[in-house]
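# Breakdown of the fold
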Amino acid sequence: MADETIFKVDLQPVGRRAQVAAGTTLLAAARSVGVELQSICGGAGTCNSCRVRLAKGVISPPTTAEKDELSAEELAAGYRLACQAVALSDVCLDIPAESLTAPQRVQVEGEDRKIVLQPLVSAVDVHIAPPSLTDLRSDLTRLRSVLPSDNGGVELPLPVLASLAEKLRRQEWSTRLVVRHTAGRRQIAGVLPPHSRMFGLAVDIGTTKLAAYLIDLESGETVGRAGAPNPQIAYGEDVISRICFANQTPEGLSLLQNKVVQTMNHLVAELCAGVGSPEQIVDAVVVGNTVMHHIFAGLPVDQLGTAPFASVVSEKLEIPAAHVGLSLSSGATVYLPPNIAGYVGADHVAMLLGIGIDQNQRTVLAIDIGTNTEISLIHHGRILSCSCASGPAFEGAHIRHGMRAAQGAIERVRIIDGKVHTHTIGGVPPVGICGSGILDAVAEMLAANGLDKRGNFRKDSPFICQSGSESGFVLAPAVTTGHGSDIVITRQDVNEIQLAKAAIRAGIEVLLQEAGLEHRCLDEIVIAGAFGSYLDVRSAIRVGMVPPLPRDRFRQVGNAAGTGARQMLLSGERRRMAEEIAQRVEYVELASHRAFSDWFASELHF
Ligand code: FES
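This text gives an overview of the structure that appears in the document. (Residues numbered from 1 in each chain as written. Predicted model: local features only at pLDDT ≥ 70, side-chain atom pairs only at ≥ 80, totals over all residues. Heavy atoms only, no water.)

### Comments concerning the packing of aromatic side chains
All chains considered together, the criterion is met by five aromatic pairs. An angle of 45° between the planes, with centres 4.8 Å apart, marks the rings of Tyr 235 and Phe 245 as tilted. With Tyr 235 in the loop between β12 (222-229) and α6 (239-248) and Phe 245 in helix α6, this pair connects stretches of sequence that are 10 residues apart. According to the relative accessible area criterion, Tyr 235 is partly exposed, its value standing at 25%. Sitting over the face of the ring of Tyr 79, Arg 51 holds its NZ or CZ atom 5.6 Å from the ring centroid. In this structure, Arg 575 is placed above the aromatic ring of Tyr 335, and the distance from its NZ or CZ to the ring centre is 4.5 Å. (Phe/Tyr/Trp six-rings, centres within 6.5 Å; stacked < 30°, edge-to-face > 60°. Helix = DSSP H or I, 4+ residues; strand = E, 2+ residues; numbered from the N terminus. Buried < 20%, exposed > 50% of the residue type's maximum accessible area, 1.4 Å probe, protein only. Lys NZ or Arg CZ within 6 Å of the ring centre and 35° of its normal.)

### Here we look at helix α11 (residues 491-515)
Between its first and last C-alpha atoms α11 spans 36 Å; for 25 residues at 1.5 Å apiece the expected length is 36 Å, and the two agree. Counting buried positions along α11 gives 19 out of 25 residues, so the element sits mostly inside the fold. Gly 516, located one to two residues past α11, shows a positive phi value of around 70°. (Expected span 1.5 Å × (residues − 1).)

### Structural notes on the pattern of salt bridges
Throughout the structure, instances matching the rule amount to 28 salt bridges. Glu 155 is paired through a salt bridge with Arg 185; the nearest N and O atoms lie 2.7 Å apart. In this pair, Glu 155 sits in strand β7 (residues 154-155) while Arg 185 sits in strand β9 (residues 185-192), placing the two residues 30 residues apart along the sequence. A residue is classified by how much of its surface remains accessible, and Glu 155, at 28% relative accessible area, is partly exposed. Each of Arg 412, Arg 414, Asp 440, Asp 536 and Arg 538 takes part in salt bridges that share partners, so that together they form one network. (Salt bridge = Lys/Arg side-chain N within 4 Å of Asp/Glu carboxyl O.)

### Side note on the sheet that holds strand β17 (residues 372-379)
What holds strands together in a sheet is hydrogen bonding between their backbones, with the strands either parallel or antiparallel. The sheet built from six strands is open, its strands ordered β26-β25-β16-β17-β18-β27 with mixed pairing. Two strands in the sheet have a free side with no partner beyond their single neighbour: β26 (554-558) and β27 (585-587). Ignoring which end each strand starts from, the neighbouring axes of this sheet average 20° apart. The pairing of strand β16 (residues 364-368) with strand β25 (residues 524-528) spans five bridges and is parallel. The residue bridging Ala 366 from the neighbouring strand is Val 526, located in β25. Contacts between α11 and the sheet are confined to β16, β17 and β18 (382-389), with β18 contributing the most and set at about 155° to the helix. (Pairing = 2+ DSSP bridges. Axes fitted to C-alpha atoms, helices over the stretch in contact; angles between N-to-C directions. Contact = heavy atoms within 4.5 Å.)

Here's what the structure looks like:
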């Protein structure tokens, strides 16, 4: 007779809970509530793509397949294959991001950490006596008269004053006044309809994409997240080409600035739809690398293009939102945390804050992978940071069949028993390959002996075929693809990955050398960024992008810069901490570092 016992399977961080009969695999349990895990081998226990971590409860002992696929350390840390393990009690599972399939990957996901709410703004609902023939006081005087404990010290920026008369009359003299408190100053940041919600905006301006968050400043809740490509891409793929465009084109800088602000205003409109209006956004935090930061603020970038890559400003900035063209509350201010040096900007400061280095005494390597990759080594109170040009290959650019991480992109590749298995985002026929898939493909080719150390195809490899006029690794033959053509990795594609991974690894090695450390001293490697969230760490180790350490020393944190920006929106204390982190960083300039080019040359090999 069938076992009628029912167990609860709590799926985190997705937040779904399944109820399944005893004997049901964890993979089937997840699927029963619509949580799709990767399962490239179809549940045979041979692809290691459905890995989950047991956080609570009891599950079946590891199968032979699990012992083959997972290391002893991984098993000890609770990692299991969802297609093999079954629940023996109510359980809670922690699902790594790379084990999830997603309809479309956006770079706005990041860890939410609980912090003490201390926003720089507060709100008070007031009713103001309207003017009459016997009371001719000005609108400002009457507003000041109802502000608690105001001694005439509250400032009203001119744009707030300009709209004050109309708003007070439209709102029939009842209003929610938002006051911003900074360093002994009080300023009206918004004149809102009574009892309306008070929002903040956090934006991470990446070289390739923007991530924006709408935050309720009273509850701390993230009300919405939205992402968009950085429209400046049309004027240059990386920071150097944007600098050239800004310098060589009349009005180039303001064109780039307008483009990014326009996109931010669209994101604001999207985020506010259904929950309020942009006028309710009374505070903002914007982070980006030094070039994105300068362009957003309208600062010249010429000097950032040549050594010694000096920024105009590295201190924090506070700019009225209206000055940069952001359509928020007329009194809203944009806070830009300090930059570090070179291209290591406020986004890296935000990332370091977001991953909680202030609460951590361990030796940590933090890597934010993007078109430009920023790396920090935190050890015994020191923070050593550098930036390397890793290029857009992991965004799918410069790759023959590369594409962004969207529906139809091959995101996982495994070679099992001599056969190539792929998984696409959305589970539809493949139309291209995104960063995590490219990395997997190169790693699997290496493991299957299809590539030599220099990245050349081995002619005798069964995986290398002639596709058109050149040879390549056929990931998906024409009959299986969404467009009827082969999807192939070419020698040039492998070369792009070699350049990107060598730049990142050389940066890591230089920082370790500067600190006098070896890989094994690293307690944790934190990988941030959109691509970093979804890459398979085993593939990253196999191609040599990161040091070969046990899987449980790696933590993939999503958009940690966005997390840090949100924290700064919610807490003046977190802003102070970010400023302190920026002060502490010891910047290492790779362009002039004696060991960087040697490391880079040797890391080009697999
Ligand atoms: Fe579990 Fe492949 S689906 S190992």
